[in-house]
Amino acid sequence: MKFDLHTHHHRCGHAEGHIREYIDEAVKLGLEFIGISDHSPFFGEEVDHFKPWVAMAKSEFHSYVEEVLHLKREYQGKIHVLLGVESDYFPEHETLYRDVYRHYPFDYIIGSVHVSNGYDLFNRKRWERMTEQQAIIEKEVYYQLIQMSAKSRMFDILGHIDALKGCYPEIAHIKTEAVDDAFKVMAESGSVIEVNTSGKTKDCGGWYPSIDLLERARFYGVDVTFGSDAHEPARVADDWQEVKNTLKTLGYQEWCIFQSRQKRKLAL
Ligand SMILES: [Zn+2]
Ligand SMILES: [Zn+2]
């Protein structure tokens, strides 16, 4: 069964195309499930539309959900359209985000850390003139956040768990116990991580997470799923077959999808 649980569209201000175009591409490719998971608004900010180039306005969230639900009905019988969201994880706003999500019939919620130590991960400036000592601290802080996001049990899927390598590939080679500590908590909390193929569009190349981390995930018994993180319809299900083959080679036998926030395991 072919699926993709991570897609965006024009609302976030940095992706192209309408939701319908992503669904049509998925139908064309023979997918059985297409998950729509645009970036959550910044619910913790006072202004309605904080950083319009990153995420939709708070006031737009309801119509986002309505549009996906409408398309879910419209495409019934052709493809299963799933209602998701890629939520930021801000520990200080856990309750606030939980309270918003409670009101909507999500199939799943992806929790992603995009900001650590006060800076966006994809802000190239933060990585300039970084010493090795600073990089170790950056990595530890980031994996503590990943660990906290798992422990919160707010999310069905943890998004791109080594995205800090996106604009600073060298950080992937820094060894710290914080990574294994995070995997232990992910396993305990039943978190599912995505194999997100959008790393190939960044400086680091490859996927999030990289193969060695997928091996660690397997060692700790952390389940996996697939997401292209498409920001244009043409990237829907990008590398799906390669990911499936790689996971099998690593010893995985199944991967997961979600419907009405219930985990469903599919054979690889
Ligand atoms: Zn995005
Ligand atoms: Zn993301």
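Structural data are supplied above this passage.
Residues numbered from 1 in each chain as written. Chains lettered and ligands numbered in written order. Predicted model: local features only at pLDDT ≥ 70, side-chain atom pairs only at ≥ 80, totals over all residues. Heavy atoms only, no water.

Caption draft 1: Highlighting the coordination of the zinc ion (ligand 2). At this site the zinc ion (ligand 2) is bound by Glu86 (OE), His114 (NE2) and His160 (NE2), with donor distances of 2.1 to 2.2 Å. Here the donor residues of the zinc ion (ligand 2) share one chain and are spaced in sequence as E-x27-H-x45-H. (Donors = N, O, S within 2.8 Å, 3.2 Å for Na, K, Ca; no water.)

Caption draft 2: How the structure looks around unusual backbone geometry. Look at the link from Tyr208 to Pro209: it is a cis peptide, with omega at -10°. One non-glycine residue with positive phi stands out, namely Asp239, at about 65°. When you line up the elements, Asp239 lands in the loop between β9 (223-227) and α7 (240-249). The exposure class of Asp239 is buried, given its relative accessible area of 17%. (Helix = DSSP H or I, 4+ residues; strand = E, 2+ residues; numbered from the N terminus. Buried < 20%, exposed > 50% of the residue type's maximum accessible area, 1.4 Å probe, protein only.)

Caption draft 3: The coordination of the zinc ion (ligand 1), seen in detail. Bound to the zinc ion (ligand 1) are the protein donor atoms His14 (NE2), His39 (NE2) and His231 (NE2), situated 2.0 to 2.1 Å from the metal. Read N to C, the donor residues that coordinate the zinc ion (ligand 1) are spaced as H-x24-H-x191-H. Separation of the zinc ion (ligand 1) from the zinc ion (ligand 2) amounts to 5.6 Å. With a gap of 25 residues between them, His14 in the loop between β1 (3-4) and α1 (19-28) and His39 in the loop between β2 (33-36) and α2 (61-74) connect regions that are remote in the sequence. Accessibility expressed as a relative area gives 37% for His14, which makes it partly exposed. Classification of His39 as buried rests on a relative accessible area of 9%.

Caption draft 4: Molecular detail of the environment of Ala135. Note that Ala135 resides in helix α4 (residues 132-151). The buried category is assigned to Ala135, whose relative accessible area is 1%. Sequence separation between Ala135 and Lys202 is 67 residues; the distance between their C-alpha atoms is 19 Å. Dropping the residues within four chain positions of it, Ala135 is found in contact with Met130, Tyr168, Ile171 and Ile174. (Contact = heavy atoms within 4.5 Å.)

Caption draft 5: A look at α1. Looking only at α1, the buried set comprises Ile19, Tyr22, Ile23, Glu25 and Ala26. In a view along the axis of α1, the buried residues occupy a sector of 160°, so they form one face of it. Contacts from the buried residues of α1 go to β2, α2 and β3 (80-88). (Arc of directions from axis to C-beta.)

Caption draft 6: Molecular detail of α4. In this model α4 runs 29 Å from its N-terminal to its C-terminal C-alpha over 20 residues, within 8% of the 28 Å that 1.5 Å per residue would give. Among the residues making up α4, those that are buried are Ala135, Glu138, Lys139, Tyr142, Tyr143, Leu145, Ile146, Gln147, Ser149 and Ala150. In this fold, the buried residues of α4 make contact with β5 (115-116), β7 (157-158), α5 (177-188) and α6 (211-220). Immediately beyond the C-terminal end of α4, within one or two residues, lies Arg153, with a positive phi of roughly 55°. (Expected span 1.5 Å × (residues − 1).)

Caption draft 7: How the structure looks around the sheet that holds strand β4 (residues 108-112). Spatial strand order, β1-β2-β3-β4-β7-β8-β9: seven strands in an open sheet with parallel pairing. Both outer strands of the open sheet, β1 and β9, are each paired with one neighbouring strand and no more. Taken together, the five bridges between β3 and β4 define a ladder with parallel strand orientation. The partner of Val85 across the bridge, within β4, is Ile109. (Pairing = 2+ DSSP bridges.)

Interpretation note: all reported values are geometric properties and have no functional meaning in isolation.
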